[in-house]
Amino acid sequence: MVPGSSDELCIQAIDRVRKLSIDSYDISVDYLQGSYGDDEQAIESAIKMLSDKNPGFSEDEYVKAFEVGMMWAGFA
């Protein structure tokens, strides 16, 4: 929480992160099923899809979200 931020802004931020988390799982499942190919570009394509669906995060945040999504997908 950022001091001085309204409750509404905090709720919106939580919603954005929740959507990123859900999408990271879904995209990771698709990646594991080969939806992004099986070449070196497959990971980059999956991360690009994540960034396209969830604009406003940093490149590092997209990579980390994808890595976490891959862990969740591996347990499913």
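Residues numbered from 1 in each chain as written. Predicted model: local features only at pLDDT ≥ 70, side-chain atom pairs only at ≥ 80, totals over all residues. Heavy atoms only, no water.

S.K.: Looking at this structure, how should I read the nonpolar core?
M.R.: Soluble globular proteins: nonpolar side chains tend toward being buried together. Counting residues in each nonpolar core, the largest one holds twelve residues, listed as L20, I27, Y31, Y36, A42, A46, I47, L50, F57, Y62, A65 and F66. Mapped onto this core, the elements with two or more residues apiece are α1 (7–32), α2 (41–53) and α3 (59–75). Dropping the residues within four chain positions of it, Y31 is found in contact with Y36, A42, I43, A46, F66 and M70. (Core = buried A, V, L, I, M, F, W, Y, C linked by side-chain atoms within 4.5 Å. Buried < 20%, exposed > 50% of the residue type's maximum accessible area, 1.4 Å probe, protein only. Helix = DSSP H or I, 4+ residues; strand = E, 2+ residues; numbered from the N terminus. Contact = heavy atoms within 4.5 Å.)

S.K.: What should I look at first to understand the environment of I43 in this one?
M.R.: Mapped onto the secondary structure, I43 falls in helix α2. Sequence spacing of I43 and V63 is 20 residues, and the spatial spacing of their C-alpha atoms is 9.4 Å. With residues near it in sequence (within four places) discarded, I43 still touches Y31 and F66.

S.K.: Looking at this structure, I do not really get the packing of α1 against α3. What am I missing?
M.R.: Running from N to C, α1 and α3 cross one another at 65°; their axes reach a closest spacing of 8 Å. Seen from above, α1 lies across α3 with right-handed handedness. Here L20, S21, S24, Y25, I27, S28, V29, Y31 and L32 of α1 lie close against α3, whose contacting residues are Y62, A65, F66, G69, M70, W72 and A73. The residue inventory of the contact of α1 with α3, partitioned by class, reads twelve nonpolar, four polar and no charged. (Axes fitted to C-alpha atoms, helices over the stretch in contact; angles between N-to-C directions. Left-handed = near helix turned anticlockwise from the far one by under 90°. Nonpolar A, V, L, I, M, F, W, Y, C, P; charged D, E, K, R; others polar.)

S.K.: Please explain the side chain of D23 as it appears in this structure.
M.R.: Tracing the chain through its elements places D23 in helix α1. For D23, a relative accessible area of 7% corresponds to the buried category. Looking at D23, its side chain comes within polar contact range of the side chain of K19, at 2.7 Å. Contact partners of D23, with chain neighbours within four places excluded, come to L50, K53 and N54. (Polar contact = N/O pair within 3.5 Å; in protein donor to acceptor, adjacent residues only side chain to side chain.)

S.K.: Got a minute to help me understand a nonpolar patch on the surface in this structure?
M.R.: A grouping of M71, W72 and F75 is seen on the molecular surface, where their side chains present a nonpolar patch of about 400 Å² in accessible area. Tracing the backbone through its elements, the reader meets F75 in helix α3. Taking the relative accessible area as the measure of exposure, F75 reaches 73% and is therefore exposed. (Patch = residues over 30% accessible without salt bridge, like charges linked within 9 Å, V, L, I, M, F, W, Y side chains within 5 Å. Areas by Shrake-Rupley, 256 points an atom, 1.4 Å probe, with all protein chains shown as cover. Salt bridge = Lys/Arg side-chain N within 4 Å of Asp/Glu carboxyl O.)

That is the geometry; function is a separate question.
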